[in-house]
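Fold and contact review
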Amino acid sequence: TTASQQSSGRQPLVDYALLLKPRVMSLVLFTGFTGMLLAPGTIDIITAALAVVCIAVGAGASGAINMWYDRDIDQMMARTMNRPLPAGRLKPPTALWLGTVLSLLSVSVMTVWVNVTSGLLLAVTIAFYIFIYTIWLKRRTPQNIVIGGASGAFPPMIGWAAVTNDITIGP
């Protein structure tokens, strides 16, 4: 970290953004948006934008909680040791609070301003990623990515539900 980054406050902002796993968020945004485009029916642009933002924020929240939980093993791998928590640039409670608040916010906004079905699917997706993939499977089986990958299949269904307010065989 350069002195100018630290003094300007940019590095902590970058670290907070990294907690949200922006590459994963971009994939989730794409698949959620695709689900909306393929769904029968219409959705107004404001509601659609809100749904996409909620999907992204929910994914980022899951990523922050995942990084909080995995900070010990992230210290041991060259690929992850420079993440904000194992590198000591952010404190673990910060990641947990950020993830928790963003999870609650994204699900609440999705439920109230888009529809209940998409809000429930978003909540299930976040819970699946945190509890099934991160906590239960990741450290127990190499199949974690296969089973845990199911959480990546939810965003298109969420996008579909944002338009249709239901879940059918389509998504």
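Here we summarise the structure given alongside this text. Nothing here was measured: the structure is a model prediction, and the numbers come from that model. (Residues numbered from 1 in each chain as written. Predicted model: local features only at pLDDT ≥ 70, side-chain atom pairs only at ≥ 80, totals over all residues. Heavy atoms only, no water.)

This part covers the overall build of the protein. Regarding its fold elements, the protein presents 9 helices and 0 strands. Moving toward the C terminus, one meets the helices and strands of the protein in the order α-α-α-α-α-α-α-α-α. Computed over the C-alpha atoms, the radius of gyration of the protein is 17 Å, within 12% of the 16 Å expected from 2.2 N^0.38 for a compact globule of 171 residues. Seen along its three principal axes, the alpha-carbon backbone of the protein occupies a region of about 50 × 40 × 20 Å. Among the 171 residues that make up the protein, the fraction classed as buried is 41%. In the protein, the proportion of contacts linking residues at least 24 apart, taken out of those at least 6 apart, comes to 68%. (Helix = DSSP H or I, 4+ residues; strand = E, 2+ residues; numbered from the N terminus. Rg over C-alpha atoms; globule rule 2.2 N^0.38 Å. Buried < 20%, exposed > 50% of the residue type's maximum accessible area, 1.4 Å probe, protein only. Contact = heavy atoms within 4.5 Å.)

Right, let's get into the layout of surface pockets. Approximately 910 Å³ is the volume found for the largest pocket. Lining the largest pocket are 35 residues, and of these Lys 21, Arg 23, Val 24, Arg 83 and Tyr 129 sit closest to its centre. Of all the secondary structure elements, the ones that give two or more residues to the lining of the largest pocket are α3 (22-38), α4 (45-69), α7 (116-137), α8 (144-148) and α9 (150-164). Of the residues forming the lining of the largest pocket, the biggest block, 7 residues, is contributed by α4. Of the residues assigned to the lining of the largest pocket, the class counts are 17 nonpolar, 12 polar and 6 charged. (1 Å grid on protein atoms, 1.4 Å probe; cavity = no way out; pocket = protein on both sides within 12 Å on 5 of 7 lines; lining within 4 Å. Points joined across faces, edges and corners; volume = space filled by probe spheres on them. Nonpolar A, V, L, I, M, F, W, Y, C, P; charged D, E, K, R; others polar.)

Here helix α6 (residues 92-114) spans 32 Å end to end across 23 residues, near enough to the 33 Å set by a 1.5 Å rise per residue. Buried within α6 we find Ala 95, Gly 99, Leu 102, Ser 103, Ser 106, Val 107, Val 109, Met 110 and Val 114. (Expected span 1.5 Å × (residues − 1).)

For the rest of this paragraph, the subject is unusual backbone geometry. A positive phi angle, close to 50°, is found at Lys 21, a residue other than glycine. With respect to the helices and strands, the residue Lys 21 is situated in the loop between α2 (10-19) and α3. Backbone geometry places Asn 165, a non-glycine residue, at a positive phi of 60°. The topology assignment puts Asn 165 in the segment after α9.

A separate point is the packing of aromatic side chains. Under the defined criterion, the tally for this structure stands at 3 aromatic pairs. For the ring pair Trp 68 and Tyr 69, a centre distance of 6.2 Å and an interplane angle of 55° mean the geometry is tilted. Their ring planes at 35° and their centres at 5.2 Å tell us that Tyr 129 and Tyr 133 sit as a pair that is tilted. Of this pair, Tyr 129 and Tyr 133 both sit in helix α7, 4 residues apart, which is roughly one turn of the helix. (Phe/Tyr/Trp six-rings, centres within 6.5 Å; stacked < 30°, edge-to-face > 60°.)

The next point concerns the pattern of salt bridges. Applying the stated criterion to the full structure yields 5 salt bridges. The salt bridge involving Asp 15 is made with Arg 89; its shortest N-O contact spans 2.9 Å. Here Asp 15, found in helix α2, pairs with Arg 89, found in the loop between α5 (71-74) and α6; they are 74 residues apart in sequence, far enough to count as distant. The exposure class assigned to Arg 89 is partly exposed, which follows from its relative accessible area of 26%. (Salt bridge = Lys/Arg side-chain N within 4 Å of Asp/Glu carboxyl O.)

Another point: the nonpolar core. Side chains of nonpolar character tend, in soluble globular proteins, to be buried together. In terms of nonpolar packing, the biggest core is built from 35 residues, with Leu 19, Met 36, Ala 51, Leu 85, Met 110, Leu 122 and Ile 158 touching the most fellow members. Within the residue set of this core, elements represented by two or more residues are α3, α4, α6, α7 and α9. Considering each element in turn, this core owes the most residues, 11 residues, to α4. In this view, Met 36 contacts Ile 43, Ala 48, Ala 51, Val 52, Gly 159, Trp 160 and Val 163; residues no more than four positions away in its chain are not counted. (Core = buried A, V, L, I, M, F, W, Y, C linked by side-chain atoms within 4.5 Å.)

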